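# Chain and residue survey
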Amino acid sequence: MNLTWKTKDNILIVHMDGDIDHHSCEALRTEIDAALERMRCKHILFCFDHVAFMDSSGIGVLIGRYKLVQRFGGRIAVCCAGERIREIFRLSALDQLFPSFAREDEAVFYLEGSGKK
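Described below are features of the structure shown in this document. (Residues numbered from 1 in each chain as written. Predicted model: local features only at pLDDT ≥ 70, side-chain atom pairs only at ≥ 80, totals over all residues. Heavy atoms only, no water.)

### A look at the sheet that holds strand β2 (residues 11–17)
- As summarised here, the arrangement of the five strands in space is β1-β2-β3-β4-β5, forming an open sheet in which the pairing is mixed. Bordering the open sheet on either side are β1 (2–8) and β5 (100–101), each of which pairs with just one other strand.
- In the sheet, β2 pairs with strand β3 (residues 43–50) via six bridges, with the strands oriented parallel. Pairing of L12 across the sheet is with I44, part of β3. (Pairing = 2+ DSSP bridges. Helix = DSSP H or I, 4+ residues; strand = E, 2+ residues; numbered from the N terminus.)

### Focus on the pattern of salt bridges
- The tally for this structure, following the rule as stated, stands at eight salt bridges.
- The residue D105 makes a salt bridge to R103 at a minimum N-O spacing of 2.8 Å.
- Among the residues examined, R103 registers a relative accessible area of 46% and is labelled partly exposed.
- A single salt-bridge network, built from bridges that share partners, covers K8, D9 and E112. (Salt bridge = Lys/Arg side-chain N within 4 Å of Asp/Glu carboxyl O. Buried < 20%, exposed > 50% of the residue type's maximum accessible area, 1.4 Å probe, protein only.)

### Here's the deal with the pairing of β2
- For β2, a buried count of five out of seven residues is recorded, marking the element as mostly surrounded by other parts of the structure.
- Inspection of the sheet shows β1 paired to β2 by seven bridges, in the antiparallel sense. Bridge pairing in β2 links K6 to I13.
- Between the end of β1 and the start of β2, which pair antiparallel, lie two residues, with D9 showing a positive phi angle near 55°.
- In this view, the connection linking β2 to its parallel neighbour β3 by way of helix α1 (residues 25–39) has right-handed handedness. (Right-handed = clockwise from strand over helix to strand, strands pointing away.)

### Things to note about the environment of T4
- Position of T4 relative to the elements: it lies in strand β1.
- Along the sequence, T4 and E104 sit 100 residues apart, while their C-alpha atoms lie 14 Å from each other.
- When sequence neighbours within four positions are dropped, the list of residues in contact with T4 reads I13, V14 and H15. (Contact = heavy atoms within 4.5 Å.)

### Some remarks on the environment of Q70
- Within the fold, Q70 resides in helix α2 (residues 56–70).
- With 28 residues separating them in the primary sequence, Q70 and K42 have C-alpha atoms 8.8 Å apart.
- One polar contact links Q70 to Y66, side chain to side chain, over a distance of 2.9 Å. (Polar contact = N/O pair within 3.5 Å; in protein donor to acceptor, adjacent residues only side chain to side chain.)

### Structural notes on the side chain of S24
- Of note, S24 is situated in the loop between β2 and α1.
- Look at S24 and you get buried, because its relative accessible area is 9%.
- A distance of 3.1 Å separates the side chain of S24 from the backbone oxygen of D19, its partner in a polar contact.
- Look past the residues within four positions of S24 in its chain and what remains in contact with it is M1 and D19.

Here's what the structure looks like:
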């Protein structure tokens, strides 16, 4: 799993490349938490454009980050998820927690508070 991120306003935009499974989850959790603290972001946007697989440990990481940002009034959104990832979100009911967008700019617009989903 390779992670790259950038910030826009109060949003940590996380681009993930690789599978999100029990092998990569601890590093994913640690790196995202450190980036949130270092960059002082309120919201997280997870970009799934280069993720083909996610297991239950990946779901746990997302829910943990959701609880974390909720403490300070933040939100999470997802963008660029392929069909397989969208199905995992649907089956695990993550689609009820995290708004999903086809494009990054749509998700950023939502997290900036300009859009409603």
